[in-house]
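Working through the structure, step by step
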Amino acid sequence: MTRDSRYDILFEPIRIGPVTARNRFYQVPHCNGMGYRDVSALATMRGMKAEGGWGVVCTEMVELHAASDVAPYVELRNWDDQDIPTLACIAEKIHEHKSLAGLELCHSGYTAANLYSRETPIAPMAMSTSTYHFDPVHARAMDRQDIKDLRRTHRAAALRGRKAGYDLIYVYAGHGLGIFQQFLSRATNDRTDEYGGSLENRARLLREVIEDTKDAVGDTCAVPVRIAMSEFLGGEGLEPAEVEDAIAMMAELPDLWDLSLSAWPKDSQTSRFSEEGFQEPYIKGVKKLTSKPVVGVGRYTSPDAMVRVIRQGIMDMIGAARPSIADPYLPKKIEEGRLDDIRECIGCNICVTGDYTKTPLRCTQNPSMGEEWRKGWHPERIRAKARDAQVLIIGAGPAGLEAGRALGQRGYQVTIADRAREAGGRVARECRLPGLAAWGRVRDWRLLQIGKMANVSLYLESDLTADTALEFGADHIVCATGATWRRDGAGHHQYLPLPVAAAADVLTPDDIMAGGRPKSREAIVFDDDHYYMASVLCELLVKESIKVTYVTPAAVAAAYTVNTMEQKLIQGRLLELGVTVVTAQALSEVTAQGLVTSCIYTGKEHRHTAGSVVLVTSRKGDDALYRELKGRDAKVTAVGDAWAPAAIAHAVYAGRRFAEEFDEKPRDVLETPFRRELLTLMGG
Ligand code: ADP
Ligand code: SF4
């Protein structure tokens, strides 16, 4: 197939200062939780983006000096010459596929507490550091010597970046993380010298560093500026009008303007809270200010939307982090006219949890993300079957569909059976809940791929028992039978079942997703799961005019969603909806009148009255069929939630893993199941 001429514009080469990108697909810098610790894995992941057609592929924010150390977060380092080989191996992987390599140099100012280096943090003014753990560390106000030193360190880091082979060397003023934004913003700059006060003064350091960087490397490298268009501080910080004034003052200085929102949670909004293209209102005024290429983001996965924003003069290059994670091959698929093969990002931010939990990034849609080097997985390819075999998969949820798809791609004969009337398992049910519609893409993409394979068949409304499964006569049976929400109160806080009165009206998320509703107009939603489910059910019930009280043992609502950067939005939404939010209460008992809880600090008992209770606590794998088949010596494996309930991303990964390892020699338990980076000991 060839591409539709409508999309030709996306494949035009774009000149960026002294270098030229082969097309308009621009993988903007994004964190990944691998950084200096998992360099080979990171390099292979970036190389995969280049292989998939992204004309520019950037690193994450890279620490440019030991005094800008964001430990415990794991980013790349460019502190001194010893880091050049690490940086170079990433650029090499990107160059192997003729893409340009971008290096985002970062001095984090007051957002680096320097916990590892123990250097004193510096910032435009004396202030607390801003870290996720409220470290008791302050930043010192920079004096003139500090400013000179910062310019020198940035210049030296830029020169190392060029030596390492990068084509674009960034000046970073975004996400509240880049110190040049901190100077630019009135919210973090109270200086009275020539670097504070007027916009011209606040922009002075940014201008100087752009000039320094151009002077140092600008003959061979492009110098983009990544800048925050808004800080959402209600006029006390940066707003688009002032940032546009700043851009106008320096319009032609950098080689490219890369636009974003600040802080990171505003930039990488989830599909629950924003649509594709949500940044357009903030960035649309910039292109008329400059002749330099403008890059913007907004979770674009549709080529028509990409063409539109270029034709409307909103941006020149399509910036993407998440769409490039969910589908490193997105550009290639557009180029080859294979639009329905695009694995669209669902906007869930499981990828972001990697950085927040300091572990390699994961993706719900793309189970190979982060495994390209560790396990040799490819987002598009998989090795052919080793022999003929027929596999029966019971359950068409994310685990079963991915296992079936990947086994089908390998060439095996696959039958997927599900008792439900529609495929998708939990995804089919959950994508009907408020704000989660885009999650249906997990099912849709897999169904579409399976539909193209003659060797994979899907039978719905097929409730299998051990007998019927064995009668089928497959060489191997996969139980991807999912999990069930518990109705006994056991969860993250209370591991054992709690007393639940027989007369109590108790519902679980499964009941509600199956159409069940509280008998009473007043319900308590008890959340000991801490992810999205309880808050989503609160929204659903409030929309149906039920008065809702949300109770949790955690200190905040939906505590895990700190890692998807949604926590504040979720708690804010609950409060706006009129939900009463009660925190720090552990469940003791469910009665016919409501809940008995105890304060997690004092143990003091509390009673919460409501006619109905929704328990969102934990799930139990539906593994009865697996255990029975195992007991009958069948060749059977349980995958996904049936094996151990987790997020959808885990189920997709489990399905892929089964398909990858299906015909491999069973691994000895003493063997580490993936490659890892090993340190070279420096001795001492
Ligand atoms: P996962 O997240 O692990 O993929 P899901 O709960 O999403 O799990 O999907 C499990 C699927 O398995 C559901 O669609 C359910 O209808 C199906 N299922 C469970 N038990 C059986 C069975 N005995 N026969 C057929 N389908 C089953
Ligand atoms: Fe998109 Fe979710 Fe994948 Fe992140 S994890 S790239 S948000 S699908």
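Here, the structure is the one placed above.
Attention here is on the structure that accompanies the text. (Residues numbered from 1 in each chain as written. Chains lettered and ligands numbered in written order. Predicted model: local features only at pLDDT ≥ 70, side-chain atom pairs only at ≥ 80, totals over all residues. Heavy atoms only, no water.)

**What to know about the sheet that holds strand S17 (residues 413-417)**
Taken in spatial order, the 5 strands make up an open sheet running S18-S17-S16-S19-S30, and their pairing is parallel. Among the strands making up the open sheet, the edge pair consists of strand S18 (456-459) and strand S30 (636-638). The average angle at which neighbouring strand axes cross in this sheet is 15°, direction not considered. As paired elements, S17 and S18 share 4 bridges and run parallel to each other. In the strand pairing of S18, threonine 415 is matched with serine 457. (Pairing = 2+ DSSP bridges. Helix = DSSP H or I, 4+ residues; strand = E, 2+ residues; numbered from the N terminus. Axes fitted to C-alpha atoms, helices over the stretch in contact; angles between N-to-C directions.)

**Looking at the site of ligand 2**
Around ligand 2 sit 13 residues in total, of which Cys345, Cys348, Asn349, Cys351 and Cys363 are the nearest. Top contributing element to the shell around ligand 2 by residue count: helix H11 (residues 322-326), with 3 residues. When grouped by side-chain class, the residues that make up the shell around ligand 2 number 8 nonpolar, 3 polar and 2 charged. (Near = heavy atom within 4 Å. Nonpolar A, V, L, I, M, F, W, Y, C, P; charged D, E, K, R; others polar.)

**With respect to the packing of aromatic side chains**
If you walk through the whole model with that rule in mind, you get 15 aromatic pairs. Judged by centre distance (5.1 Å) and plane angle (85°), the ring pair of tyrosine 412 and phenylalanine 662 falls under edge-to-face. Placement of tyrosine 412 in the loop between helix H14 (398-410) and S17 and of phenylalanine 662 in the segment after helix H22 (648-661) is noted, with a sequence separation of 250 residues between them. The buried category is assigned to tyrosine 412, whose relative accessible area is 0%. Judged by its relative accessible area of 12%, phenylalanine 662 falls in the buried class. Here tyrosine 531 and tyrosine 532 contribute two aromatic rings whose centre-to-centre distance is 4.5 Å and whose plane-to-plane angle is 70°, an arrangement assigned as edge-to-face. Across the pair, tyrosine 532 and tyrosine 531 agree in class, each one buried. By way of ring pairs, the aromatic residues Tyr73, Tyr132, Trp264 and Tyr356 are connected into one cluster. Sitting over the ring of tyrosine 116, arginine 77 keeps its end group 4.8 Å from the ring centre. (Phe/Tyr/Trp six-rings, centres within 6.5 Å; stacked < 30°, edge-to-face > 60°. Buried < 20%, exposed > 50% of the residue type's maximum accessible area, 1.4 Å probe, protein only. Lys NZ or Arg CZ within 6 Å of the ring centre and 35° of its normal.)

**Topic: the site of ligand 1**
Surveying the vicinity of ligand 1 reveals 23 residues, the closest of which are Ala399, Asp418, Arg426, Leu464 and Asp641. Note that an oxygen atom of ligand 1 is positioned 2.7 Å from one of the backbone N or O atoms of arginine 426. The fraction of the free accessible surface of ligand 1 (580 Å²) that becomes covered by protein chains is 94%. Where the shell around ligand 1 is concerned, the elements lending two or more residues are H14 and helix H15 (426-430). A class-by-class count of the residues in the shell around ligand 1 yields 10 nonpolar, 7 polar and 6 charged. (Polar contact = N/O pair within 3.5 Å; in protein donor to acceptor, adjacent residues only side chain to side chain. Areas by Shrake-Rupley, 256 points an atom, 1.4 Å probe, with all protein chains shown as cover.)

**With respect to the side chain of glutamate 60**
Considering the arrangement of structural elements, one finds glutamate 60 in strand S4 (residues 56-63). The buried category is assigned to glutamate 60, whose relative accessible area is 0%. A polar atom in the side chain of glutamate 60 sits 3.2 Å from the side chain of asparagine 32. When neighbours within four sequence positions are excluded, glutamate 60 is seen to be in contact with Pro29, His30, Cys31, Asn32, Gly35, Leu42, Arg46, Glu75, Leu76 and Glu104. (Contact = heavy atoms within 4.5 Å.)

**Considering the sheet that holds strand S21 (residues 505-507)**
One open sheet holds the 5 strands; their spatial order is S21-S28-S22-S23-S24, and the pairing between them is parallel. The sheet is open, and its two edges are formed by S21 and strand S24 (580-582), each paired on a single side. Between one strand axis and the next, the sheet turns through 20° on average, direction left out of account. Relative to S24, strand S23 (residues 547-551) runs parallel, the two being bridged by 3 bridges. Residue valine 551 lies in a different strand from S24, and its bridge partner there is valine 582.

**A short note on the pattern of salt bridges**
One pass over the full model with this rule turns up 62 salt bridges. Among the salt bridges present, the one from aspartate 193 reaches arginine 191, with a minimum N-O distance of 2.8 Å. One exposure class covers both aspartate 193 and arginine 191, and it is buried. A salt bridge links glutamate 422 to arginine 432; the shortest N-O distance between them is 2.6 Å. In this pair, glutamate 422 is assigned in the loop between S17 and H15 and arginine 432 in the loop between H15 and helix H16 (441-451), connecting sequence segments 10 residues apart. We classify arginine 432 as exposed; its relative accessible area is 56%. (Salt bridge = Lys/Arg side-chain N within 4 Å of Asp/Glu carboxyl O.)

**What about the pairing of strand S16 (residues 390-394)?**
Most of S16 sits out of view: 4 of its 5 residues are buried. Relative to S17, S16 runs parallel, the two being bridged by 5 bridges. The partner of isoleucine 393 across the bridge, within S17, is isoleucine 416. A crossover links S16 with its parallel partner S17, the connecting element being H14, and its sense is right-handed. The pairing of S16 with strand S19 (residues 476-479) spans 4 bridges and is parallel. Looking at S19, one finds that valine 391 is bridged to histidine 476. (Right-handed = clockwise from strand over helix to strand, strands pointing away.)

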